[in-house]
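These are the residues of each chain, in order.
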Amino acid sequence: MNINILIVGVGGQGTLLASKILGNYATLINKDCKLSEVHGMSQRGGSVVTYVRISDKVYSPLIDKKNADVILAFEELEALRWADYIKDGGMIIINKQNLYPMPVITGKVDYPADIYERVGGYGAQIRNIDALEIAMKLGDLRTVNVAVLGFCAVLLKFDREKFKEAIKNSVPASTFDINLRAFEEGEKRA
Amino acid sequence: MKKLLLGDHAVAQGAYEAGVKVAAAYPGTPSTEITEYLSTFNDIYSEWSVNEKVAMEVGIGASMAGGRALVSMKHVGLNVAADPLFTYAYTGVNAGLVIAVADDPGMHSSQNEQDSRFYGLSAHIPMLEPSDSQEAKDFTKFAFELSEKYDTPVFIRLTTRIAHSRSFVEISKRQEIEFDYKQDIAKFVMVPANARKRHVKVEERERRLASDVNSFDINRIENGKNKIGIICAGAVYQYVKEALPDYPVFKLGFVYPLPVEKLREFASNCDDLIVIEELEPYIENALKSNGISVRGKELTGLQGELSSEKIKEIILGYKVISGKEELPARPPVMCAGCTHRGIYYVINKLKLNAAGDIGCYSLGCNEPLNAMHSLICMGAAIANTHGMEKAKGKDFSKKNIAVIGDSTFVHSGITGLINAVYNRSNITILILDNSTTGMTGHQPHPGTGKTIKNEQTHTLDFEALVRACGVNNVSVIDPYDLDMTESVIKEHIVKDGVSVIIARRPCILLDKTAKFDVAEIDNCRKCGMCLKLGCPAIRKNKDGSVAVDSTLCTACMLCEKVCKFASVKKVGDAK
């Protein structure tokens, strides 16, 4: 498996944990892997991107534009913001959630109404999941990220048992059960 | 065993394996995770020091006594720590001292793009630069050996893309190393008579190292078919390998001193030579001053980060696809329920000028609050405000306030406060005490009563401290109480002398298991008052009315307090 995955969203949505789980999965399938993460102030509700690269040999921790096989977007506007990273024929997985950025809240600009139309212009396959609904049903909003991963793991044909092990290795033991349920609910939507 | 580690964690792992006894730091992105990781080992003493100078002095003490020590900081922290460090470069070490410094090209979370490599040059301290996590670990271990062999502190320089990227690291066992403490006045007491002799030793050491560096194999040549040679180090090496697979590469492990003779040999085998480096033309200028003809900054520019994409554009003329989307920007914001929001709302309402400082509360400068008007460095707010008063007088000060966080106040605000009282200032200072170091990820500090290992310790009493510094006007307020905040600020700001207001409420993110009620808005009159709070949980509907996003709201109820029409109420829907 050689894959470049861009995880995009809003600071606080759990993109970092999602990338750690994917990195752990790379460990379990004996591939080289590099992750580039976002820490610090940019996490406070800002637009965030983490890069996940899995291959036999990885040099740069960054992904070039038009070189991502997959974009996992945790928020719709962020899907569009980073869409120019997708490869022709790649896949963009979008969580159906809107988080309004401050210029929208203050009424300076509108939240775009035509996001899917514009993302469609990048020639990628687009798939949708309502992970927030899953997380709300499970009673823990922090599981949105793992629900998205469950959806993605099916579409990308990841080894299911190894992926569950990767989740187990990456989350605190006390939250493994709820994360596993979020993962399975995500799988069901695929 | 292989582990996928952050560059920061790999430095820590290297220090652990090298038998480090003491690790000290003040948290600073992107260096914070080094000391955090070291604190998980039981056989190492680790601490959050109150600032980088103190951390450096702790590390120096450990090294003098005979225990290997690691001191970590971000680039701007090195400015704070520079004073003891320059002199420790003179004395040399007993057990090894390694300083990990993390630069931030592109300023992901910093106030400038300072290039720490010049500190190697000006302090006469060797500097190594790893290009992935494995090297971060290996170079750290090697740095301790170098430190003792050459009797000098040694730098490990990281950048954000090394510190905050993960790659595989082979884990090894810890090696226990200890040196005896020996009193040595001529070596460790830097009165001028001794320091003059040590300066001679520094130059001897530097000449020896400048020659030896040509034979260290962490500087290596990777051959390629192309006739243009590339010289690079750190993260840039990875971008070069990806962008230019056919080019011969001189990969530097040492960035100070540079292996000039080895580089000269490399140059003689290439038709053209390009230095690819982020930030300043540091390597480029060093080579030019040694008569080696290279190109560099005229191609790569002086700002921001590089990437394989940018290198392809610069060297191969590859066209970078620019983002064509016109989209609403998404700047970072204070969290829903942030304890700082009400303070800035009031500062804005009272039309005050606020001299700010470094922390989450720096976000108060953004729309729609626009209520922080300067930011220079850690701890500057109070002394900046004092300077403003001395330039513009008491009346100006009645419209001016210093804003500083609790951790920042302890870091280097205290001296500014003592200075202001001593020099008969007339200023008002707001200490925003959210009981943590918020921006770097909630590290404890002396005001929290917890150590890095979450052990109980003495809790610094801010009120008593401030009074002991000579401040008589001291008040404590709840920043969620807007009326109290407003009346206390109004009362203090007109007073002569130095006033301190402590706004105290723990950061909303501190309790990760908290479940919140939420606010709800009924019969919105579309006046837009609540939008002035800049709360990410409040959203404006198409018709101009306002709604609350229940997934974000923490029921701080500031919106209820600013709503003139009583349209907001709390609903008990804790999630």
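The structure this text deals with has already been given above.
In this report, we go over the structure that sits alongside the text.

Each value, and the rule that gives it
Residues numbered from 1 in each chain as written. Chains lettered and ligands numbered in written order. Predicted model: local features only at pLDDT ≥ 70, side-chain atom pairs only at ≥ 80, totals over all residues. Heavy atoms only, no water. Helix = DSSP H or I, 4+ residues; strand = E, 2+ residues; numbered from the N terminus. Rg over C-alpha atoms; globule rule 2.2 N^0.38 Å. Buried < 20%, exposed > 50% of the residue type's maximum accessible area, 1.4 Å probe, protein only. Contact = heavy atoms within 4.5 Å. Areas by Shrake-Rupley, 256 points an atom, 1.4 Å probe, with all protein chains shown as cover. Lys, Arg positive; Asp, Glu negative; His and termini not counted. Charge placed at Lys NZ, Arg CZ, Asp CG, Glu CD. Buried area = accessible area lost by both parts, 1.4 Å probe. Salt bridge = Lys/Arg side-chain N within 4 Å of Asp/Glu carboxyl O. 1 Å grid on protein atoms, 1.4 Å probe; cavity = no way out; pocket = protein on both sides within 12 Å on 5 of 7 lines; lining within 4 Å. Points joined across faces, edges and corners; volume = space filled by probe spheres on them. Nonpolar A, V, L, I, M, F, W, Y, C, P; charged D, E, K, R; others polar. Phe/Tyr/Trp six-rings, centres within 6.5 Å; stacked < 30°, edge-to-face > 60°. Lys NZ or Arg CZ within 6 Å of the ring centre and 35° of its normal. Core = buried A, V, L, I, M, F, W, Y, C linked by side-chain atoms within 4.5 Å. Pairing = 2+ DSSP bridges. Axes fitted to C-alpha atoms, helices over the stretch in contact; angles between N-to-C directions. Right-handed = clockwise from strand over helix to strand, strands pointing away. Arc of directions from axis to C-beta. Patch = residues over 30% accessible without salt bridge, like charges linked within 9 Å, V, L, I, M, F, W, Y side chains within 5 Å. Expected span 1.5 Å × (residues − 1).

Moving on, we come to the overall build of chain A. For chain A, the helix and strand inventory stands at eight helices and six strands. Secondary structure elements of chain A, listed N to C terminal, follow the sequence β-α-β-β-β-α-β-α-α-β-α-α-α-α. Taking 190 residues into account, the globule formula puts the C-alpha radius of gyration at 16 Å, and chain A, at 16 Å, falls close to it. The buried share of chain A, taken over its 190 residues, is 63%. In chain A, 64% of the contacts between residues at least 6 apart in sequence involve partners at least 24 apart. Carbon and sulfur atoms provide 47% of the accessible area of chain A, an area that totals close to 6,900 Å². Taken together, the 24 basic and 23 acidic charged side chains of chain A have centroids lying 3 Å from each other.

Counting its regular elements, chain B contains 21 helices and 22 strands. Its C-alpha radius of gyration of 26 Å places chain B within 12% of the 25 Å reference for a compact globule of 575 residues. Once the C-alpha set of chain B is aligned to its principal axes, its extents read approximately 80 × 60 × 50 Å. By residue count, 60% of the 575 residues in chain B fall in the buried class. Considering only contacts in chain B between residues 6 or more positions apart, those separated by 24 or more positions represent 75%. Here chain B displays about 22,400 Å² of accessible surface, and carbon together with sulfur accounts for 52% of that area.

With 59 residues of chain B at the interface, the matching set in chain A holds 56 residues. If you sort the residues of chain B by the area they bury against chain A, Arg-166, Pro-328 and Arg-330 of chain B come out on top, with a joint share of 17%. Summed over the shared surface of chain B and chain A, the result is six salt bridges. In this structure, Lys-312 of chain B and Asp-64 of chain A form a salt bridge, with 3.2 Å as the shortest nitrogen-oxygen distance.

A few words now on the layout of surface pockets. Considering only enclosed or pocket space, the second largest pocket measures out at about 800 Å³ in volume. Val-49, Tyr-51, Trp-82 and Tyr-85 of chain A together with Arg-161 of chain B are the residues nearest the centre of the second largest pocket, which is lined by 36 residues in total. Of all the secondary structure elements, the ones that give two or more residues to the lining of the second largest pocket are β3 (47–55) and α2 (76–81) of chain A together with α7 (160–163) and α14 (308–316) of chain B. With four residues, β3 of chain A is the single largest residue contributor to the lining of the second largest pocket. By residue class, the composition of the lining of the second largest pocket is 14 nonpolar, ten polar and twelve charged.

By convention here, two paired aromatic rings are described through the distance between centres and the angle between planes. Summed over the entire model, instances satisfying the criterion amount to 17 aromatic pairs over all chains. Centre to centre, the rings of Phe-216 of chain B and Phe-254 of chain B are 5.2 Å apart; their planes meet at 20°, and the pair counts as stacked. Separated by 38 residues along the polypeptide, Phe-216 of chain B in the loop between α9 (192–212) and β9 (220–222) and Phe-254 of chain B in strand β12 (residues 254–256) bring together distant segments of the chain. Just as Phe-216 of chain B is buried, Phe-254 of chain B falls in that class too. In this structure an aromatic cluster arises from ring pairing among Tyr-25, Phe-158, Phe-163 and Phe-183 of chain A. If you follow Lys-251 of chain B out to its NZ or CZ, it ends over the ring of Tyr-237 of chain B, 5.4 Å from the centre. A cation over an aromatic ring shows up here: Arg-539 of chain B above the ring of Tyr-100 of chain A, its NZ or CZ 3.9 Å from the ring centre.

Turning our attention to the nonpolar core. In terms of nonpolar packing, the biggest core is built from 79 residues, with Leu-6 of chain A together with Leu-38, Leu-128 and Ile-276 of chain B touching the most fellow members. Among residues more than four places away in sequence, those in contact with Leu-38 of chain B are Ala-12, Ala-15, Tyr-16, Ala-23, Ile-44, Ser-46 and Leu-70 of chain B. Counting residues in hydrophobic clusters, the runner-up holds 76 residues, among them Ile-429, Ile-489, Ala-555 and Val-562 of chain B.

This brings us to the sheet that holds strand β13 (residues 272–275) of chain B. Residue and element names in this part refer to chain B. If you walk across this open sheet you meet the four strands as β9-β11-β10-β13, and the pairing is mixed. Across the chains shown, the open sheet's two edge strands, defined by having one partner strand only, are β9 and β13. Each adjacent strand pair in this sheet contributes to an overall mean axis angle of 20°, direction not counted. The pairing of strand β10 (residues 228–233) with β13 spans four bridges and is parallel. Opposite Ile-231, over in β13, you have Val-275 as the bridge partner.

A word on unusual backbone geometry. The amide bond that connects Thr-29 of chain B to the next residue, Pro-30 of chain B, takes the cis arrangement and shows omega of 10°. With respect to the helices, strands and loops of the structure, Pro-30 of chain B is situated in the loop between β2 (22–25) and α2 (32–38). In this structure, Pro-257 of chain B follows Tyr-256 of chain B across a cis peptide bond, with omega equal to -10°. Residue placement: Pro-257 of chain B occurs in the loop between β12 and α11 (260–268). At Lys-157 of chain A, a position not held by glycine, the phi torsion is positive, near 55°. Mapping Lys-157 of chain A onto the fold places it in the loop between α6 (144–155) and α7 (160–170). By relative accessible area, Lys-157 of chain A is classed as exposed at 73%.

Residues and elements named next belong to chain A. Counting buried positions over the six residues of strand β4 (residues 68–73) gives five, a clear majority of the element. Of the strand pairs in this sheet, strand β1 (residues 3–10) and β4 are connected by four bridges, and their pairing is parallel. Pairing of Val-8 across the sheet is with Ala-73, part of β4. Chirality of the crossover, the property in question, places the unit of β4, α2 and strand β5 (residues 86–95) among those that are right-handed.

Next up on the list: the sheet that holds strand β5 (residues 97–103) of chain B. All names here are of chain B. Sheet architecture is open: seven strands sit in the order β3-β2-β4-β5-β7-β6-β12, paired in mixed fashion. Taken across any chain shown, the strands that pair with only one partner, and hence form the sheet edges, are β3 (45–48) and β12. Where strand β6 (residues 127–128) meets strand β7 (residues 154–159), two bridges bridge the pair, whose relative direction is parallel. When the bridges of β7 are listed, Met-127 appears paired with Phe-155. Contacting β2, β3, β4 (69–74) and β5, helix α3 (residues 52–65) runs over the sheet at an angle of about 165° to β4.

This part is about α11 of chain B. All names here are of chain B. Taken as a whole, α11 has its buried residues at Val-260, Lys-262, Leu-263, Phe-266 and Ala-267. Down the axis, α11 shows its buried residues gathered within 160° of arc, on one side only. With respect to the buried face of α11, the exposed residues turned more than 90 degrees away are Glu-265 and Ser-268.

Residue and element names in this part refer to chain B. A surface patch of positive charge is lined by Lys-351, Lys-399, Lys-532 and Lys-564. Tracing the backbone through its elements, the reader meets Lys-351 in the loop between α15 (341–349) and β14 (353–355). Using a relative accessible area of 66% as the deciding quantity, one classes Lys-351 as exposed.

Next up on the list: the pairing of β1 of chain A. Residue and element names in this part refer to chain A. Among the eight residues of β1, eight are classified as buried, and the element is accordingly described as predominantly covered. Across the two faces of β1 the burial is the same, with Ile-3, Ile-5, Ile-7 and Gly-9 and Asn-4, Leu-6, Val-8 and Val-10 all buried. Sheet topology note: the β1/β3 ladder contains eight bridges and is antiparallel. Its bridge partner being in β3, Leu-6 is matched across the sheet by Tyr-51.

Our next topic: helix α8 (residues 176–189) of chain A. All names here are of chain A. In this model α8 runs 20 Å from its N-terminal to its C-terminal C-alpha over 14 residues, within 8% of the 20 Å that 1.5 Å per residue would give. Phe-176, Asn-179, Leu-180, Ala-182, Phe-183, Glu-185, Gly-186 and Glu-187 are the residues of α8 that are buried. In this fold, the buried residues of α8 make contact with β6 (125–129), α5 (131–138), α6 and α7.

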